[in-house]
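Analysis of the macromolecular model
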Amino acid sequence: MPVVVMTSSPLLWARVLALVFACVAFSVALHGTNVIYQPAGNWCVFSWGFGFAGTALVLLVEMCGLQARMPVSWKNFPITFACYSFLFCLSSSIIFPLYFIKGNRTSGESYDYLVVACVFSCLATIAYLTEVSISKARPGEVVGYMATAPGLLKVCETFVACIIFVFISYPNAYEGHAATQWCMAVYCICFILSAVVIIMCVGECTGCLPFPFARFLSAYASLAVLMYLSATIVWPIYKFDRKHGGSPTRPSSCGTSAGLCPFDKIMAVAVLTGVNFILYLADLIYSARLVFVSV
């Protein structure tokens with residue numbers, strides 16, 4: 001029977017700690033609380049479970065030396081997954097206390113479980129951030145595209161778009177105006193293209209394009225910047241200007257219950273649209289000057 005030997009390294013310890021922290025977070029939340037009966041709780045439990053399962057897979061593949069047999073690019077997959085896990089756990093570390101700890105006047109064992117789950121979610125976030133920091137490309141280093149700044153930015157762009165979809169769809173905040181429907185189209189188109197780029201890099205399909213991949217990245221980033229610039233301007237005008245049926249003030253009913261009210265969600269979409277515009281702008285700048293050997 002072959003003996004599996006793994007060399008101790010900061011990257012290995014970061015993955016092991018992330019595995020343990022994510023496991024504790026979702027185990028405690030499932031065992032001692034009723035968070036799974038709410039959408040926000042389901043999101044948090046999914047985030048921790050996603051991180052735990054993926055990290056366990058990465059560790060198992062590397063322990064058994066199966067990287068070459070995997071149907072994905074192992075230069076791109078682990079850091080892509082780690083970056084997504086970091087963002088998932090970060091969002092859960094914000095959402096979980098906002099929905100389940102803030103304003104919770106109960107005490108006892110159930111409340112303690114909530115606090116423990118939140119603490120370990122924060123620890124898992126730090127562990128995944130450490131893994132990404134260790135795995136990202138260094139100057140002069142030949143790595144996969146997803147380990148470079150543009151690759152990591154695309155992960156952030158798709159994740160921010162997913163959060164926008166959550167806020168914008170319940171209630172359907174984009175209906176009623178052609179301008180806000182255009183904003184929704186911007187979010188969808190840019191998300192799909194960024195996701196396609198990530199899938200092509202992880203699946204090693206970049207050579208299938210009939211034109212240079214680097215040229216495609218630059219053209220797509222330029223288009224995305226222009227589209228998000230328009231959405232960054234249009235969304236606040238039609239949602240916060242009374243001339244277009246918007247409301248510039250926060251209703252007094254907001255803040256009386258856990259979570260975010262419709263006005264808060266509309267504001268969150270405006271802020272996240274600006275965040276994604278900055279991410280795409282940085283992506284364009286990096287894509288224009290980045291030279292990488294292989295994807």
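Before going into details, it helps to say that this report is about the structure given with it. Being a predicted model, the structure only gives us computed values, none of them experimental. (Residues numbered from 1 in each chain as written. Predicted model: local features only at pLDDT ≥ 70, side-chain atom pairs only at ≥ 80, totals over all residues. Heavy atoms only, no water.)

Some thoughts on the nonpolar core
Where we set the bar: We call a set of buried residues a nonpolar core when its members are Ala, Val, Leu, Ile, Met, Phe, Trp, Tyr or Cys and they connect through side-chain atoms within 4.5 Å of each other. In this scheme, a residue with accessible area under 20% of its type's maximum is buried, one over 50% is exposed, and one in between is partly exposed, where area comes from a 1.4 Å probe on protein chains only. The numbering of helices and of strands both runs from the N terminus, where a helix is a DSSP run of H or I of at least 4 residues and a strand a run of E of at least 2. Residue contacts follow a heavy-atom distance rule, with two residues in contact if any of their heavy atoms lie within 4.5 Å.
Residues Trp48, Phe96, Tyr187, Tyr228 and Trp235 are the most contacted members of the largest nonpolar core, which totals 84 residues. Every element with two or more residues in this core is listed here: helix H1 (10-32), helix H2 (39-64), helix H3 (77-101), helix H4 (109-135), helix H5 (149-169), helix H6 (178-202), helix H7 (213-240) and helix H8 (262-289). Broken down by element, this core gets its largest block of residues, 13 residues, from H3. Not counting residues up to four positions away in its chain, the partners in contact with Trp48 are Ala22, Ala25, Phe26, Ala29, Cys89, Ser92, Phe96, Ala117 and Ser121.

Quick look at the side chain of Thr125
In plain terms, the rule: Think of a polar contact as two N or O atoms within 3.5 Å of one another; within protein, one of them needs to be a possible hydrogen donor and the other a possible acceptor, and neighboring residues in sequence only count if both atoms come from side chains.
When you line up the elements, Thr125 lands in helix H4. Polar side-chain contacts of Thr125 include one of 2.9 Å to the backbone oxygen of Ser121. Non-local contacts of Thr125, meaning those with residues more than four positions away in its chain, are made with Phe86, Cys89, Leu90 and Ser93.

Describing the pattern of salt bridges
Between side chains of opposite charge, pairing is possible as soon as their charged atoms come close. Under the convention used in this document: We define a salt bridge as a side-chain nitrogen of Lys or Arg found within 4 Å of a carboxyl oxygen belonging to Asp or Glu.
Taken as a whole and judged by the stated rule, the model has three salt bridges. With a shortest N-O distance of 2.8 Å, Arg15 and Glu62 are connected by a salt bridge. In this pair, Arg15 sits in helix H1 while Glu62 sits in helix H2, placing the two residues 47 residues apart along the sequence. By relative accessible area, Arg15 is classed as buried at 4%. Close ionic contact of Glu131 with Arg15 constitutes a salt bridge, the shortest N to O distance being 3.0 Å. Residue Glu131 is found in helix H4, and its partner Arg15 is found in helix H1; the two are separated by 116 residues along the sequence. Within the structure, one salt-bridge network assembled from shared partners comprises Arg15, Glu62 and Glu131.

Note that all results are geometric; they support no functional claim without further evidence.
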